[in-house]
2 protein chains.
Amino acid sequence: MDSQTKLESLKGMFHPQSVAVIGATNVTERAGYNLVNSLIHGGFSGHIYPVHPRLDTLLGLKVYHSLAEITEPLDLAIIALNERGTVDILKDCGEKGAKGALCFAGGYRETSEQGAALEEQLRDSANRYHVPLIGPNTFGIISNDVNLNATPCPMHLPKGGVSFITQSGGVGLTFLHRAADAGLGINKWICVGNRCTFDFADYLAFLGQDSGTRVIGLMVEGTEKADEMVRAAADIGKPVVVYKVGRTSAVNFASMTHTGSMVGSYQLYHDIFQQYGLFQVTNLLEMIATLKGLAMIESPRSNRIGIVTHTAGPSILAIDELLNRGHSMATLTESTLEGVRKLAGPNPPFIAKNPLDVTAVGWPTEPFGQYLELLAGDPNVDIVLAFYCQQDLLGLPSRELIRVKEKTGKPMVACYASRAALCEPDRELLESKGIPLFTSPEEAAWAIGAVLDWTVRSTGGVSKRSH
Amino acid sequence: MDSQTKLESLKGMFHPQSVAVIGATNVTERAGYNLVNSLIHGGFSGHIYPVHPRLDTLLGLKVYHSLAEITEPLDLAIIALNERGTVDILKDCGEKGAKGALCFAGGYRETSEQGAALEEQLRDSANRYHVPLIGPNTFGIISNDVNLNATPCPMHLPKGGVSFITQSGGVGLTFLHRAADAGLGINKWICVGNRCTFDFADYLAFLGQDSGTRVIGLMVEGTEKADEMVRAAADIGKPVVVYKVGRTSAVNFASMTHTGSMVGSYQLYHDIFQQYGLFQVTNLLEMIATLKGLAMIESPRSNRIGIVTHTAGPSILAIDELLNRGHSMATLTESTLEGVRKLAGPNPPFIAKNPLDVTAVGWPTEPFGQYLELLAGDPNVDIVLAFYCQQDLLGLPSRELIRVKEKTGKPMVACYASRAALCEPDRELLESKGIPLFTSPEEAAWAIGAVLDWTVRSTGGVSKRSH
């Protein structure tokens, strides 16, 4: 199958108008049941055809006894049979004209030589019957363009511009939960499994052309085709954030018996990622903050940062990260400094500078907003970062931040020291206005750092990246 | 003041039976108001004496017009006056017999030469009137032994065995919020400010002897007495986790104008921390996970890990971190392997090994518990890690984990891929039974890694630490 055909196949599989779940069952703890449940809960916009030889209804849906019984066209076959049954059903899928299949079964090359031989049979069948496969040994896909949750996990996920490619279903699921907690909206999610038809490069090329995807996260254990993968990632013109597993060689074994691929030398991957300008992270928390920054912070003109902070310490952590990446604090104009001094009055309790530490102002949000407006209005400031410490019994300066952002038009990021639940309404408000909120200075810095790296690169400058 | 006197002073200041808030005010946005509010909200077990020259009542409390008006003994003076007023009031504090004072005002050596001169006056007054100071330029202290929240931020914090020393009030506050979200219980919290009477070494020595403190977190921007601090940390026989700010030299300036101390060479600090066996972290998220592990995971006999996992990927991330620190996966006995094979039945859908990947079992929690019991019961397993992926519509295996922990008596850690709010009841249940819960594999690994490092060190072994 050539690259263009693969791309077209993936477009079809991620925008199906109809899906069949082969191996649907009323045993609530099995994948075949939960896949149907996920499709219903997710509000899939197309038709759902559960398939089981003997059941008549499932979760309120008519059950079809075979694929042949479905009279309408079928776009995507979701196969929740065992490893042998999956091979056998591909003929039916082909005859039904399915544009592609998701194969959940494990038991192929990740387990044994016999498994590898069976995977060859699967590949042969897929080719013979013209049914491209995602998997086998996949945990599924999500395509929020059509509200398709084709995983065995019903979930409520915020929608957004981030797509995620994962080699591990469990790590990918963990990502989804943590991303939802962070308010990071997802567009597509792909668990690649054993990569029988499509490899990383194919998925990356697809997401590169996909209009719903602005930013891509990539979790890799290992692949024999690392070069191809990295070239594809570098070619698509969208930011790609990669998390490579496996610093220790002992992990290779565990990984091999899991996805059937050696994880390879960590250093080798690190170097090649760096060479091709991919963003690298070392844990899921950094992955989420980085993606959130790239997806939600508006592009600044350049990389000069202005900070107003309610207490100095958090801003120092952020500045440390940002300067370490080669970005710079804006040099405020004399007019801005004068404005700050004028606002602060005689005997000002702080120094007019950037970062502007207004600790002495206390909790009133109005002066905080006034100082923020002065700083954000400075022509030397390209991006604004506001730190504030919540006091349980007083409010947050979110409305001031929104006002200043709307007035100055500058990209803005908020970082509140607050309990997650306490600032959740403010997070939703701020993010609806394009101001992402973080609750630790490091996360804010990872997010801004990535955006500034991308800005510098896109505008032809040179960014010094630390890792 | 000699070391022993300092220790006794700190004991008194952290266990006061009465506190005065000098500079109490009815202006709700000022520190003097919020300090009184924090004391009341926190349920301080002693007497609270707000002091203001003209007010009569505040937040339902009688207000005293001067310290002299208070007829009962006074243990702790909380001073929310400006930098000049703070100097002047120390005489009254001394005459009243206060055991110590918290000085919130900034404007001393962190701002200017005049400020530094004023700080000298403050120091002289403290010595003359025998009133040891925390601060100036502190954000306060918390001592949950007596429900004392002497910060301007009313907060509801879980109680526990972790104490935190911070050079930055804002970073310390952020820590408190994130710790509360993670269910990490706090015992004492100290914002050191300009370290007029007490330095890091004094606070560390105090917490070393403090029965409520099991584990210590330390956030440092910089100090001229790094050697003293590190020796104190190494001497106290409790785990100390340190977060040193300032990889870039430019941060030195921002830090100097904040706490009046140069941050110093990052590499130098790194090396000396490593030499003295302190735990080092590079962000607050890692700090919290590490402290949570050290505070909540029971001490294992040795460092051989057993893992049962609902999907392989997360376990690989954890194993990578743990092997990288020099720990090892337990070699299961033949009897355990036989038990696993017997339970799995003919044609087992997974390999009997450690980590035990039971993906094929699906979501039923009962078999998950049975496999966990087999693994935890293995004599070669010292500590147990259980990974599980939540399915929104099905339960979590928390009761199985608790049952197995109670039966085997082995330390256990849970890691659930789940939304924070969704698994919150399970977190509380598990943690009440001594099983800390994490929601990402890296956090679980940081926590376990620290405990195993500490175990190896305490039992005389050699741990290879990665950073």
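First things first, this report covers the structure right here in the doc.

Attention now moves to the overall build of chain A. Each helix and strand counted, chain A has 16 helices and 20 strands in total. Computed over its C-alpha atoms, the radius of gyration of chain A comes to 25 Å, within 12% of the 23 Å expected for a compact globule of 467 residues. Looking at chain A alone, contacts between residues at least 24 apart form 72% of all its contacts between residues at least 6 apart. The distance from the centre of the 40 positive side-chain charges to the centre of the 48 negative ones in chain A is 3 Å.

Before going further, it helps to spend a moment on helix α13 (residues 365–377) of chain A. Each α-helix turn comprises 3.6 residues. Residues three or four places apart therefore point the same way. All names here are of chain A. With 13 residues, α13 ought to run about 18 Å at 1.5 Å a step, and its terminal C-alpha atoms sit 18 Å apart, in line with that. For α13, every residue scored as buried is listed here: Phe368, Gly369, Tyr371, Leu372, Leu375 and Ala376. Down the axis of α13, the sector holding all buried residues measures 165°, keeping them to one side. Looking at the buried side of α13, the elements it contacts are β15 (304–309), α12 (334–344), β17 (356–357), β18 (383–389), α14 (398–408) and β19 (412–417).

Working definition: the strands of a sheet are paired by backbone hydrogen bonds and lie parallel or antiparallel to each other. Residue and element names in this part refer to chain B. Ordered in space as β2-β1-β5-β6-β7, the five strands form an open sheet in which the pairing is parallel. If you trace the sheet from one side to the other, it starts and ends with β2 (47–51) and β7 (133–134), each paired once. Alignment of strand β6 (residues 100–103) against β7, held across two bridges, turns out to be parallel. By the bridge assignment for β7, Leu102 is matched with Ile134. Packed onto the sheet, helix α3 (residues 83–96) meets β1 (18–22), β5 (76–79), β6 and β7 and runs at close to 160° relative to β5.

All names here are of chain A. Examined against the element boundaries, Asp75 turns out to sit in the loop between β4 (61–62) and β5 (76–79). On the basis of relative accessible area, Asp75 is assigned to the buried category, the value being 9%. Contact partners of Asp75, with chain neighbours within four places excluded, come to Pro16, Gln17, Ser18, Ala98, Lys99 and Gly100.

Between the two copies of this chain, the relationship is a rotation about some axis together with a displacement along it. Expressed as a screw transformation, the operator carrying chain B onto chain A has a rotation angle of 180° and an axial translation of 0.0 Å, and the superposed copies differ by an RMSD of 0.0 Å. What the superposition gives is, in effect, a two-fold axis relating one chain to the other. Here 100% of the interface residues in chain B have copies in chain A that are interface residues too; the copies meet face to matching face.

This part takes up the pattern of salt bridges. Residue and element names in this part refer to chain A. What the rule picks out here adds up to 52 salt bridges over all chains. Between Lys11 and Glu8 there is a salt bridge; the shortest N-O distance is 3.5 Å. Pair noted here: Lys11 and Glu8 are both in helix α1 (residues 3–14), with a separation of three residues, about one helical turn. The class for Lys11 is partly exposed, based on a relative accessible area of 31%. Across the pair Asp181 and Arg178 runs a salt bridge whose closest N-O atoms are separated by 2.4 Å. Here Asp181 and its partner Arg178 are both found in helix α5 (residues 169–181), three residues apart, which amounts to about one turn of the helix. With a relative accessible area of 24%, Asp181 lands in the partly exposed category.

The geometry of an aromatic ring pair comes down to the distance between the two centres and the angle between the two planes. Within the structure shown, the criterion is met by 18 aromatic pairs over all chains. Considering the side-chain rings of A:Phe198 and A:Tyr203, the 5.8 Å spacing of their centres and the 55° angle between planes classify their relative orientation as tilted. One exposure class covers both A:Phe198 and A:Tyr203, and it is buried. Pairing B:Phe14 with B:Phe206 gives two aromatic rings, centres 5.0 Å apart and planes at 35°, and the pair type is tilted. One end of the pair, B:Phe14, is in helix α1 (residues 3–14); the other, B:Phe206, is in helix α6 (residues 200–209), and 192 residues separate them in sequence. For the pair shown, B:Phe14 and B:Phe206 are each scored as buried. Within the aromatic cluster, the residues linked to one another by ring pairs are A:Phe368, A:Tyr388 and A:Tyr416. Of note, A:Lys292 hangs over the ring of A:Phe438, and the distance from its end group to the ring centre comes to 4.9 Å. Here the basic side chain of B:Lys244 rests over the ring of B:Tyr269, its NZ or CZ set 4.5 Å away from the ring centre.

Attention shifts here to α5(A). Residue and element names in this part refer to chain A. For α5, spanning 13 residues, the distance from its first C-alpha to its last is 18 Å, which sits close to the expected 18 Å at 1.5 Å a residue. Of all 13 residues making up α5, twelve are buried, and the element is well covered by its neighbours. The opening residue of α5 is Ser168, an N-cap whose side-chain oxygen sits 3.3 Å from the backbone nitrogen of Gly170. Positioned one or two residues after α5, Gly183 has a phi angle of 75°, which is positive.

Glancing now at the interface of chain B and chain A. Reports of interface size often rely on the accessible area that becomes lost once the parts have come together. With 67 residues of chain B in contact, the opposing surface of chain A contributes 67 residues. A buried area of about 5,800 Å², summed over both sides, lies between chain B and chain A, and 63% of it is on carbon and sulfur atoms. The largest contributions to the chain B side of the interface with chain A come from B:Arg247, B:Ile316 and B:Arg419, which together make up 10% of the buried area. In this structure, the connection of chain B to chain A is made through two salt bridges. Across the salt bridge formed by B:Arg419 and A:Asp181, the nearest N and O atoms sit 3.0 Å from each other. The interface formed by chain B and chain A includes 21 residue pairs in polar contact (both at pLDDT 80 or more). Listing elements by their share of the side of chain B that touches chain A, those giving two or more residues are α2 (31–42), α5 (169–181), α8 (250–259), α10 (284–296), α11 (312–324) and α16 (441–458) of chain B.

What follows deals with the packing of α6(B) against helix α7 (residues 226–235) of chain B. All names here are of chain B. Where α6 contacts α7, the axes come no closer than 8 Å and their chain directions differ by 5°. For the element pair α6 / α7, the angle class is roughly parallel. Residue-level contacts link Phe200, Ala201 and Leu204 of α6 to Glu228, Met229, Ala232 and Ala233 of α7. Of the residues in the contact of α6 with α7, the class split is six nonpolar, no polar and one charged.

Time to look at the nonpolar core. If you look at the biggest cluster of nonpolar residues, it comprises 180 residues, and the most contacted ones within it are A:Phe175, A:Leu401, B:Phe175 and B:Leu401. Residues within four places of B:Leu401 in sequence aside, it is in contact with B:Phe368, B:Leu372, B:Ala386, B:Met412, B:Ala414, B:Tyr416, B:Leu430 and B:Ile435.

Along the chain, A:Asn354 connects to A:Pro355 via a cis peptide bond; the corresponding omega equals 5°. Mapped onto the elements of the fold, A:Pro355 is located in the loop between α12 and β17. Here the residue pair B:Gly135 and B:Pro136 is connected by a cis peptide bond, since its omega of 0° sits within 30 degrees of zero. Among the secondary structure elements, B:Pro136 is positioned in the loop between β7 and β8 (141–143). Even without a glycine there, the phi angle at B:Leu59 is positive, about 50°. Looking at where B:Leu59 falls in the secondary structure, it is placed in the loop between β3 (57–58) and β4 (61–62). Judged by relative accessible area, which is 36%, B:Leu59 ranks as partly exposed. In this structure, B:Asn147 takes a positive phi of about 55° despite not being glycine.

Here we come to the sheet that holds strand β9 (residues 148–150) of chain B. Residue and element names in this part refer to chain B. Spatial strand order, β9-β8-β11-β10-β12-β13-β14: seven strands in an open sheet with mixed pairing. One side of each edge strand has no neighbouring strand; the edge strands of this open sheet are β9 and β14 (279–281). Across this sheet, the average inter-strand angle for adjacent strands is 20°, counted without regard to direction. Where strand β10 (residues 159–166) and strand β12 (residues 215–220) come together, five bridges link them in parallel fashion. Note on β12: the bridge partner recorded for Val162 is Val215. Lying over the sheet, α1 contacts β8, β9 and β11 (186–191), oriented at roughly 75° with respect to β8.

Definitions and cut-offs
- Residues numbered from 1 in each chain as written.
- Chains lettered and ligands numbered in written order.
- Predicted model: local features only at pLDDT ≥ 70, side-chain atom pairs only at ≥ 80, totals over all residues.
- Heavy atoms only, no water.
- Helix = DSSP H or I, 4+ residues; strand = E, 2+ residues; numbered from the N terminus.
- Rg over C-alpha atoms; globule rule 2.2 N^0.38 Å.
- Contact = heavy atoms within 4.5 Å.
- Lys, Arg positive; Asp, Glu negative; His and termini not counted.
- Charge placed at Lys NZ, Arg CZ, Asp CG, Glu CD.
- Expected span 1.5 Å × (residues − 1).
- Buried < 20%, exposed > 50% of the residue type's maximum accessible area, 1.4 Å probe, protein only.
- Arc of directions from axis to C-beta.
- Pairing = 2+ DSSP bridges.
- Axes fitted to C-alpha atoms, helices over the stretch in contact; angles between N-to-C directions.
- Least-squares fit on C-alpha atoms with pLDDT ≥ 70 in both.
- Salt bridge = Lys/Arg side-chain N within 4 Å of Asp/Glu carboxyl O.
- Phe/Tyr/Trp six-rings, centres within 6.5 Å; stacked < 30°, edge-to-face > 60°.
- Lys NZ or Arg CZ within 6 Å of the ring centre and 35° of its normal.
- Polar contact = N/O pair within 3.5 Å; in protein donor to acceptor, adjacent residues only side chain to side chain.
- Buried area = accessible area lost by both parts, 1.4 Å probe.
- Parallel < 35°, antiparallel > 145°, perpendicular 65-115°, else oblique.
- Nonpolar A, V, L, I, M, F, W, Y, C, P; charged D, E, K, R; others polar.
- Core = buried A, V, L, I, M, F, W, Y, C linked by side-chain atoms within 4.5 Å.

Take it as geometry only, folks, not as evidence of what the structure does.
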